[in-house]
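# What the coordinates show
Listed here are the chains, written in short residue letters.
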Amino acid sequence: MDNRTATTILIPMTYDSDVIIVGGGLNGPSLALALAGAGVSVSLIDGRPPRARAQVAFDGRAYAIAQASKRLLDMIGIWAAVKDVCQPLEGVKAADGRPGETVAPLFLHFDSAEMHDGPLGYMLEDRHLYRVLLDAMEARPEIKLHHDLRLTQLNSDPAGVSVTLSNGEQVRGKLLIGADGRGSTVAERAGISREGWDYGQTALVAAIDHVRPHNGIAHQLFMPTGPLAVLPLKGNRSSIVWSETRANAQAISALTDDEFMSVLRPRFGDFLGEISLAGPRFSYPLSLTLARKYVVPRIALVGDAAHGVHPIAGQGLNLGLRDVGALAETVVDAVRRGEDIGAIDVLERYESWRRFDSTSLALGMDTVNKLFSNDNPILRAGRDLGMGIVQALPQLRRGFMRQASGLSGPLPRLQQGKPL
Ligand SMILES: Cc1cc2nc3c(=O)[nH]c(=O)nc-3n(C[C@H](O)[C@H](O)[C@H](O)COP(=O)(O)OP(=O)(O)OC[C@H]3O[C@@H](n4cnc5c(N)ncnc54)[C@H](O)[C@@H]3O)c2cc1C
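Residues numbered from 1 in each chain as written. Predicted model: local features only at pLDDT ≥ 70, side-chain atom pairs only at ≥ 80, totals over all residues.

### Regarding helix α4 (residues 126-138)
End to end, α4 covers 18 Å across 13 residues, agreeing with the expected 18 Å (1.5 Å per residue, within 8%). All buried positions along α4 are accounted for by D126, L129, Y130, R131, V132, L133, A136 and M137. Next to the buried residues of α4 lie α1 (27-37), β2 (42-46), β3 (62-66), α3 (79-82), β7 (121-125) and β8 (143-147). (Helix = DSSP H or I, 4+ residues; strand = E, 2+ residues; numbered from the N terminus. Expected span 1.5 Å × (residues − 1). Buried ≥ 20, exposed ≤ 12 C-beta atoms within 10 Å, placed from the backbone. Contact = placed C-beta atoms within 7 Å.)

What follows is the structure, given as structure tokens:
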């Protein structure tokens, strides 16, 4: 008989919540609400004070919310609170251009009327969406909020995962979700590496007032140094996402507001009449970042923590909300079957559902950006021909619109407008 003393490691079997989410941006709160609505308890941790992001013009961003994402927002109970501040997107016009030129005669027009399915999507400002998500989380007893606290340590074991916060507090759950954005600390601490590259471009973001109505039409103007998107907001106001080479963007950011407008006007053209700046200007360096794995035992990534893409087609948040729908469904189904929600075989169902879709969209956006962000005459001729072909073929155009609405592929139940 061996008389050595056996060492027993005590694994705590009690949990503060079923799920811990690190990241209270947009995807983290959406997932918390989806899970809470199905009876799964959540602790949500975010490094910022709770209301900072809801302040007017916090980061100037507005999102093109696809139809499928709208259904998810409806199912998690927040659509009613944002629908009045949304601008329905009735069409998208894309054209090749150069500063000072009028918009090219050959353009592509995606018109919602061709779909017979309502608007193509909805423009929604970050500050409104974030505030409504926060209000909804505060009203749910299943969600414990830990704001203004950062994750400093994480330890996972066969029965659960424990995280330490910047105030020394410990939180334990069965599953940890990293919704902590492009520089995900959760991914890093879980040993998940990333791949990707810098685009050498920066997006300049601002809101613009204009004299003529936009009629719910978004414009994508492909300039040699990067695309300029003009996205309709409520009233005679639009949000611009103007991608420029990093050096140009730095120089433009340093301009006064008046100088900025005099550089913007020739790119913008006069299709909306006289334009003026409606608020502060923001800039975002653009890069592609893809996590090599979305899951390891007890840990899963969603949203930008899993895939940060180029904003050229306004799909980043929509992709993240697809993760939210797929992961919420995977977790809730596992709970109903009596499975361990942190077990790797459960989490791999989520990964195999989402990883291919996100990676192919990220690389697709990458190609579109490379193809359109230059002035090579051969590529210009090729892309004009491509736009002309799509414009001439309604069937193909409808296919693109369905894709952009997020209505193709294996949709999570929440994206189908069905409860979990
Ligand atoms: C210029 C631009 C325009 C865009 N336009 C569109 C569009 O039209 N449509 C669209 O669908 N998408 C768009 N996107 C993409 C969209 O903004 C992102 O995909 C989305 O905001 C990502 O949300 P998230 O919740 O995953 O991450 P984030 O919003 O980055 O949130 C991450 C959160 O994690 C917290 N956090 C990070 N680390 C820690 C830590 N260690 N501890 C605690 N908390 C932590 C942060 O405080 C933050 O609140 C655009 C992006 C850009 C740059």
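### Quick notes on the nonpolar core
Nonpolar side chains in soluble globular proteins tend to be buried together. Ranked by internal contacts, the top residues of the largest apolar core, which has 108 residues, are L31 and A300. With nine residues, helix α8 (residues 316-337) is the single largest residue contributor to this core. With near-sequence residues (within four places) excluded, A300 lies in contact with L175, I177, Y294, V295, L327, L347 and Y350. L288, V309, I312 and A362 belong to the second largest nonpolar core, which has seven residues in total. (Core = buried A, V, L, I, M, F, W, Y, C linked by C-beta atoms within 7 Å.)

### Observations regarding α1
Structurally, the α-helix is built with 3.6 residues per turn, so residues lying three or four positions apart point the same way. Counting buried positions along α1 yields 10 of 11 residues, so the element is predominantly enclosed. Among all positions of α1, only N27, G28, P29, S30, L31, A32, L33, A34, L35 and A36 are buried. Summarising the contacts, the buried residues of α1 are in contact with β1 (19-22), β2, α4, β8, β12 (175-178) and α8. Taken from the residues just after α1, G39 is the one with a positive phi, measuring 90°.

### Quick notes on the site of the ligand
Taken together, 33 residues lie near the ligand, and G25, G181, G303, G314 and G316 sit nearest. At the level of secondary structure, the elements contributing two or more residues to the shell around the ligand comprise α1, β2, β3, β13 (194-210) and α8. Examining the composition of the shell around the ligand, we find that four residues originate from one element, α8, more than from any other. Looking at the shell around the ligand residue by residue, the classes come out as 13 nonpolar, 14 polar and six charged. (Near = placed C-beta within 6 Å. Nonpolar A, V, L, I, M, F, W, Y, C, P; charged D, E, K, R; others polar.)

### Some points on the packing of α1 against α8
Interhelical geometry of α1 versus α8 gives an angle of 30° and a closest axis separation of 9 Å. The orientation of α1 relative to α8 falls into the category roughly parallel. Pair α1 / α8 crosses with right-handed handedness. Contacts between α1 and α8 involve N27, S30, L31, A34 and L35 from the former and G320, L321, D323, V324, L327, A328 and V331 from the latter. Classifying every residue of the contact of α1 with α8 by side-chain character gives eight nonpolar, three polar and one charged. (Axes fitted to C-alpha atoms, helices over the stretch in contact; angles between N-to-C directions. Parallel < 35°, antiparallel > 145°, perpendicular 65-115°, else oblique. Left-handed = near helix turned anticlockwise from the far one by under 90°.)

What is shown is where atoms sit, not what they do.
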